[in-house]
Amino acid sequence: MKSVVIQQPERLVIEERPLPQPQSGEVRVRVMSAGICGSDVHIFRGHNPFAKYPRVIGHEFFGLIDAVGEGVEASRLGARVAVDPVVSCGHCYPCSVGRPNVCTSLQVIGVHRDGGFSDYACVPDRCAYEVPAAIPDQHATLIEPFTIAANICAQLQPTARDIALIYGAGPMGLTLIQVLRGVFGVAQIIVVDRIPERLAMAQENGADWVINNLTTDLKAELEQAGVRPTLIVDAACHPAILPEATTLASPAGRIGIMGFSPEPCTLSQQAITGKELTIYSSRLNSGRFPQVIAWMAEGKIQPEKLITHRFPLEHVTDALQLFEQDQKTCCKVLLSISV
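Everything numeric in this text was worked out from a predicted model, so none of it was measured.

1. Structural notes on the pattern of salt bridges
Pairing between side chains of opposite charge can happen when their charged atoms approach one another.
Point 1. On inspection of all chains with the given rule, the structure shows 15 salt bridges.
Point 2. Put simply, Glu26 and Arg113 hold a salt bridge, and the shortest N to O gap is 3.4 Å. Highlighted residues: Glu26 in strand E3 (residues 26-35) and Arg113 in the loop between strand E8 (107-108) and strand E9 (120-124), separated in sequence by 87 residues.
Point 3. Its salt-bridge partner being Arg45, residue Glu324 comes within 2.7 Å of it at the nearest N-O pair. Of this pair, Glu324 sits in helix H11 (residues 316-325) while Arg45 sits in helix H1 (residues 38-45); the two residues are 279 residues apart in sequence, bridging distant segments of the chain.
Point 4. Each of Glu15, Arg17, Arg55 and Asp114 takes part in one network of salt bridges that share partners.

Below you can see the structure in the form of structure tokens.
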């Protein structure tokens, strides 16, 4: 079988590897389609602190179960499945309180263990969620990205009364817009970015008001409109955002942080406590696949709006470069793997 392997930073090869056999409690997935994420590029460039090399990348993927290991029901054969990349121990403190995404021995498929940019991948049976026939294959590939938005929303608890401000109109920001609009029906969604084309994507995905903070003073713009966001999400991961968010937020507001930035930032305790703000952070997803599959099947989210490019597996290097370099027209890039 063919597998995309990052042998070391900046060195990607497509290797011929033997067909893997599922171990006890595992299923083998014949991968049909996979999505490219920023973390895949970070592993390729050597910027992901959690990755070990060599590594088959890819944590957003969909396929068919074609083999099962010991202890897995044979009825699983042939199932259409989306794979949750979170592999947890199930018994540590985070797991015991329903947060397997920060398990003390967390493994992420495509980061700590081999992922889905391959003809076949073996994964724990519990990580392979069946997808109803109503959801097309390529849409099913985007279930995982929407679980990232579902996870932060589980903490923020959006309501129809909220005025939401989202920093960043990349894939994370766009999935969040769709979820806030289609699932929670928040009153207003404001999106901030510095790329006009990204802001246009935000409007197409449900934003009410977009602001280019490269050319516009965000604070002055909100003050002039008399708007104080009750819910703010950093989907851009820049250290300057969180301090600004604490000044812009309404009293009793909630702030969510998505992603990682190693750079420090300076916060005013008074700015947080004076308004009794709540700050949440979110990593990966904590069992949100069934929730997102239901949203998708019910038409509450539209994954097709995010898909801008498709490539065969053999052109994975071109796909990664496009995703990394073309922020104006590129959102989600899908790899076609098995046919």
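From this point, the narrative continues.
2. As for empty space enclosed by the protein
Point 1. One pass over the full model with this rule turns up one cavity of 30 Å³ or more.
Point 2. In this structure, the largest cavity spans a volume of roughly 30 Å³.
Point 3. Tyr167, Ile232, Asp234, Ile241, Leu242, Ala245, Ile255 and Ile257 together form the lining of the largest cavity.
Point 4. Among the elements that line the lining of the largest cavity, the one with the most residues is helix H8 (residues 241-248), at three residues.

3. A short note on the nonpolar core
Point 1. Counting residues in each nonpolar core, the largest one holds 45 residues, and the members touching the most others are Val29, Ile36, Phe61, Phe117, Val123, Val333 and Leu335.
Point 2. Considering every element that reaches this core, the biggest residue donor is H11, with five residues.
Point 3. Setting aside residues no more than four positions away along its own chain, Val333 makes contact with Ala34, Gly35, Ile36, His309, Phe311, Ala319, Leu322 and Phe323.
Point 4. In terms of nonpolar packing, the next biggest core, distinct from the first, is built from 44 residues, Ala82, Leu156, Ala169 and Leu306 among them.

4. Re the state of the cysteines
Point 1. Under the definition given, this model contains zero disulfides.
Point 2. Cys89 supplies the cysteine sulfur nearest to Cys92, a cysteine that is in no disulfide, at a spacing of 3.6 Å.
Point 3. With relative accessibility at 9%, the residue Cys92 sits in the buried group.
Point 4. Here Cys331 stays unpaired: no disulfide links it, and the sulfur of Cys330, its closest cysteine neighbor, is 7.1 Å away.
Point 5. On the accessibility criterion, Cys331 (2% relative accessible area) is buried.

5. Details of the sheet that holds strand E12 (residues 188-193)
Point 1. What the six strands build is an open sheet, ordered E13-E12-E11-E14-E15-E16; its pairing is parallel. This sheet does not close on itself; its edge strands, each paired only once, are strand E13 (209-212) and strand E16 (278-282). For this sheet the average axis-to-axis angle between neighbouring strands, irrespective of direction, equals 15°.
Point 2. Strands strand E14 (231-234), strand E15 (254-258) and E16 of the sheet are contacted by helix H4 (residues 143-156), whose axis makes an angle of about 155° with E15.
Point 3. Helix-sheet contacts for helix H6 (residues 196-204) involve E12 and E13, and the interaxial angle to E13 is about 170°.

6. Overview of the packing of aromatic side chains
Each aromatic ring pair is characterised by the separation of its centres together with the angle its planes make.
Point 1. In this structure the tally under the stated criterion is two aromatic pairs.
Point 2. Seen from their ring centres, Tyr129 and Phe289 are 5.3 Å apart, and the 20° between their planes marks the pair as stacked. Taken as a pair, Tyr129 in strand E10 (residues 128-130) and Phe289 in helix H10 (residues 289-297) lie far apart in primary sequence, 160 residues in all.
Point 3. Exposure remark for Tyr129: the relative accessible area of 23% places this residue in the partly exposed category.
Point 4. Ring geometry for Phe184 against Trp295: centres 6.3 Å apart, planes inclined by 80°, an arrangement best described as edge-to-face. Of this pair, Phe184 sits in helix H5 (residues 171-184) while Trp295 sits in helix H10, placing them 111 residues apart in sequence.
Point 5. For Phe184, a relative accessible area of 26% puts it in the partly exposed group.
Point 6. Arg283 extends its terminal NZ or CZ atom over the ring of Phe50, reaching a point 4.6 Å from the ring centre.

7. Section: unusual backbone geometry
Point 1. Between Tyr53 and the following residue, Pro54, the backbone shows a cis peptide bond with an omega angle of -5°.
Point 2. Within the element layout of this structure, Pro54 appears in the loop between H1 and strand E4 (55-56).
Point 3. Located in the positive-phi region is Leu284, a residue other than glycine, with phi close to 55°.
Point 4. A relative accessible area of 18% places Leu284 in the buried class.

What counts, and at which threshold
- Residues numbered from 1 in each chain as written.
- Predicted model: local features only at pLDDT ≥ 70, side-chain atom pairs only at ≥ 80, totals over all residues.
- Heavy atoms only, no water.
- Salt bridge = Lys/Arg side-chain N within 4 Å of Asp/Glu carboxyl O.
- Helix = DSSP H or I, 4+ residues; strand = E, 2+ residues; numbered from the N terminus.
- 1 Å grid on protein atoms, 1.4 Å probe; cavity = no way out; pocket = protein on both sides within 12 Å on 5 of 7 lines; lining within 4 Å.
- Points joined across faces, edges and corners; volume = space filled by probe spheres on them.
- Core = buried A, V, L, I, M, F, W, Y, C linked by side-chain atoms within 4.5 Å.
- Buried < 20%, exposed > 50% of the residue type's maximum accessible area, 1.4 Å probe, protein only.
- Contact = heavy atoms within 4.5 Å.
- Disulfide = S-S within 2.5 Å.
- Pairing = 2+ DSSP bridges.
- Axes fitted to C-alpha atoms, helices over the stretch in contact; angles between N-to-C directions.
- Phe/Tyr/Trp six-rings, centres within 6.5 Å; stacked < 30°, edge-to-face > 60°.
- Lys NZ or Arg CZ within 6 Å of the ring centre and 35° of its normal.

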